[in-house]
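Residues per chain are reported as follows:
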Amino acid sequence: MIESITIKNNSQQSEFSMDKLTTPEYILEKVDFGEVPVNYITNKFIKQFGSTPSHRNVSERAIEIVGNIIADTPEEMTERKVFLNKFFNPLEDFTAIYKNYTIDFVLENSIKYTLEEQTNNEIVCNFKINAIAHYPLFSNTQS
């Protein structure tokens, strides 16, 4: 389970961190780095058992980040939503940093807030970020 994540807005050169325990304004609910679909192209010859792989195509990776905004007043909630809306601009590029690994991504759409009053009110607001990593492999930050 992913306990914390840092997201860097590469265009703004700013970072946003949240975790499950210590960030009081934004609480991480879950991060789903999805899976990487791979399509194998194979050849088969006469009297061959099985097949021989000749190429492999790796597709992009879908990423989903879900969190909650926590506020004491309606004004604080509005300020924190405005910050998220500015930070997660769909026209900009991002890097997710998890432990010693990074992955670059772009947003599929703008940040999405839940519509239910239970999870979107003056005190708490659930949000979701949907993204695509066109280069779907993680890089090691130690290299």
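Our subject is the structure listed above.
So, how was this worked out
- Residues numbered from 1 in each chain as written.
- Predicted model: local features only at pLDDT ≥ 70, side-chain atom pairs only at ≥ 80, totals over all residues.
- Heavy atoms only, no water.
- Helix = DSSP H or I, 4+ residues; strand = E, 2+ residues; numbered from the N terminus.
- Contact = heavy atoms within 4.5 Å.
- Salt bridge = Lys/Arg side-chain N within 4 Å of Asp/Glu carboxyl O.
- Buried < 20%, exposed > 50% of the residue type's maximum accessible area, 1.4 Å probe, protein only.
- Polar contact = N/O pair within 3.5 Å; in protein donor to acceptor, adjacent residues only side chain to side chain.
- Phe/Tyr/Trp six-rings, centres within 6.5 Å; stacked < 30°, edge-to-face > 60°.
- Core = buried A, V, L, I, M, F, W, Y, C linked by side-chain atoms within 4.5 Å.
- Patch = residues over 30% accessible without salt bridge, like charges linked within 9 Å, V, L, I, M, F, W, Y side chains within 5 Å.
- Areas by Shrake-Rupley, 256 points an atom, 1.4 Å probe, with all protein chains shown as cover.

Asker: Teacher, can you tell me more about the overall build of the chain here?
Answerer: When its secondary structure is counted, the chain shows one helix and eleven strands. Listing the helices and strands of the chain from first to last along the sequence gives β-β-β-β-β-β-α-β-β-β-β-β. Judged by the C-alpha coordinates and their principal axes, the chain covers about 75 × 35 × 30 Å. For the chain, restricting intrachain contacts to residue pairs at least 6 apart in sequence, the fraction spanning at least 24 positions comes to 63%.

Asker: Explain the pattern of salt bridges here, please?
Answerer: Side chains that carry opposite charge are capable of pairing whenever their charged atoms lie near each other. All told, the structure shown has four salt bridges when counted by the stated rule. Notably, a salt bridge pairs glutamate 64 with lysine 30, separated by 2.9 Å at the nearest N-O pair. Here glutamate 64, found in strand S6 (residues 61–70), pairs with lysine 30, found in strand S3 (residues 26–32); they are 34 residues apart in sequence, far enough to count as distant. In the salt-bridge network here, residues are joined through shared partners; they are Glu25, Glu76 and Arg80.

Asker: Just to check I follow, could you spell out the side chain of glutamate 64 for this structure?
Answerer: Residue glutamate 64 is classed as buried on the basis of its relative accessible area, which comes to 18%. A polar contact of 2.9 Å, which involves the side chain of glutamate 64, links it to the side chain of lysine 30. Contact partners of glutamate 64, with chain neighbours within four places excluded, come to Lys30, Val31, Asp32, Lys128, Ile129 and Asn130.

Asker: Help me understand the packing of aromatic side chains, please; the structure alone is not making it clear to me.
Answerer: Where two aromatic rings form a pair, the distance of their centres and the angle of their planes describe that pair. For the structure shown, the criterion picks out twelve aromatic pairs. Seen from their ring centres, phenylalanine 87 and phenylalanine 88 are 4.9 Å apart, and the 75° between their planes marks the pair as edge-to-face. Each member of the pair phenylalanine 87 and phenylalanine 88 is classed as buried. Here the aromatic cluster, defined as three or more aromatic residues joined through ring pairs, consists of Phe16, Tyr26, Phe83, Phe87, Phe88, Phe94 and Phe105.

Asker: Please clarify how unusual backbone geometry should be interpreted in this entry.
Answerer: Leave glycine aside and you will find that most residues have negative phi; peptide bonds, for their part, are mostly trans. Notably, glutamine 13 is not glycine yet its phi reads approximately 55°, a positive angle. Checked against the element boundaries, glutamine 13 lands in the loop between strand S1 (4–9) and strand S2 (14–19). The backbone of lysine 99 sits at a positive phi, close to 55°, despite the residue not being glycine.

Asker: How do you make sense of the nonpolar core when you look at a structure like this?
Answerer: Nonpolar side chains in soluble globular proteins tend to end up buried together. Core analysis: the largest hydrophobic core is formed by 30 residues, its most contacted members being Ile5, Phe33, Ile65, Leu84, Phe88, Phe105 and Phe127. If one sorts the elements of this core by residue count, strand S10 (residues 124–133) sits on top with five residues. Once residues lying within four places of it in the same chain are set aside, the contact partners of isoleucine 65 are Ile5, Ile7, Met18, Leu28, Lys30, Val31, Phe127, Lys128 and Ile129.

Asker: Hey, could you run me through a nonpolar patch on the surface in this one?
Answerer: Together, Val38, Tyr40 and Val58 make up a nonpolar patch on the protein surface, roughly 270 Å² of accessible area in all. When you line up the elements, tyrosine 40 lands in strand S4 (residues 38–43).

Asker: It is not clear to me how the environment of phenylalanine 127 should be interpreted in this structure. Could you clarify?
Answerer: Here phenylalanine 127 is to be found in strand S10. When the C-alpha positions of phenylalanine 127 and isoleucine 65 are compared, they lie 8.4 Å apart, and in sequence the two are 62 residues distant. Apart from residues no more than four positions distant in its own chain, phenylalanine 127 is found in contact with Met18, Tyr26, Ile65, Val66, Gly67, Asn68, Ile69, Leu84, Ile111, Lys112 and Tyr113.

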